[in-house]
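Per-entry structural report
Below are the chains, spelled out letter by letter.
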Amino acid sequence: GAARANPLPRKAREARLGELLAHHLARGGDVLVPVDTCFRVLELCLVLEAMWAADRKMQRYGLVLLSHVASATVHLAASQLEWMGAQVTAAFDAKRTNPFAFRHVQVATSLEQALDRPSPKVVLAS
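Residues numbered from 1 in each chain as written. Predicted model: local features only at pLDDT ≥ 70, side-chain atom pairs only at ≥ 80, totals over all residues. Heavy atoms only, no water.

Details of the overall build of the chain
Broken down by element type, the chain carries five helices and four strands. Going residue by residue from the N terminus, the α and β elements of the chain occur as α-β-α-β-α-α-β-α-β. In the chain, which comprises 126 residues, the share counted as buried stands at 34%. The contacts of the chain with a sequence gap of at least 6 include a subset with a gap of at least 24, amounting to 73%. (Helix = DSSP H or I, 4+ residues; strand = E, 2+ residues; numbered from the N terminus. Buried < 20%, exposed > 50% of the residue type's maximum accessible area, 1.4 Å probe, protein only. Contact = heavy atoms within 4.5 Å.)

Structure (structure tokens):
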């Protein structure tokens, strides 16, 4: 088979994602990120939630999870912490706050709800 190029380390990929999002948001554009409805979207929400929490400039922009099952997905994840990976459970043990009690990610279950959020914003849509 064809040789696979080694991807950037996870932290470098996350940093690059943050740079790209900040660039487009600063120019006034909304950013649409297609996502699946499985638990990978929750991982992405956690990554972006951490970016927004760490960077006051990013907090000027909206961060929306758009899916007809978004509320149920986040609620289920919040109630099933014991089944999450070590990083999620360690974060809960350290802070005693649920990592899925998002402060920056806003859930929208319809396109209208997402469009009602002020621009510029990032929309994770499934």
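Focus: the environment of leucine 124
With respect to the helices and strands, the residue leucine 124 is situated in strand E4 (residues 121-125). By relative accessible area, which is 0% here, leucine 124 ends up buried. Each C-alpha atom of the pair leucine 124 and serine 67 lies 8.4 Å from the other, and the pair is 57 residues apart in sequence. Ignoring anything within four residues of it in the chain, the contact list for leucine 124 reads Val33, Val35, Leu44, Cys45, Leu48, Val64, Leu65 and Leu66.

Looking at the layout of surface pockets
Size it by volume and the second largest pocket reaches roughly 230 Å³. Lining the second largest pocket are Arg10, Arg13, Glu14, Leu17, Arg40, Glu43, Leu44 and Val47. Secondary-structure elements contributing two or more residues to the lining of the second largest pocket are helix H1 (10-26) and helix H2 (39-54). Here the lining of the second largest pocket is composed, by residue class, of three nonpolar, no polar and five charged. (1 Å grid on protein atoms, 1.4 Å probe; cavity = no way out; pocket = protein on both sides within 12 Å on 5 of 7 lines; lining within 4 Å. Points joined across faces, edges and corners; volume = space filled by probe spheres on them. Nonpolar A, V, L, I, M, F, W, Y, C, P; charged D, E, K, R; others polar.)

Digging into the environment of glycine 29
Topologically, glycine 29 is positioned in the loop between H1 and strand E1 (31-34). Classification of glycine 29 as partly exposed rests on a relative accessible area of 25%. Separated by 91 residues in the primary sequence, glycine 29 and proline 120 have C-alpha atoms spaced 5.4 Å apart. Not counting residues up to four positions away in its chain, the partners in contact with glycine 29 are His24, Pro120 and Lys121.

Just geometry here; none of it tells us what the structure is for.
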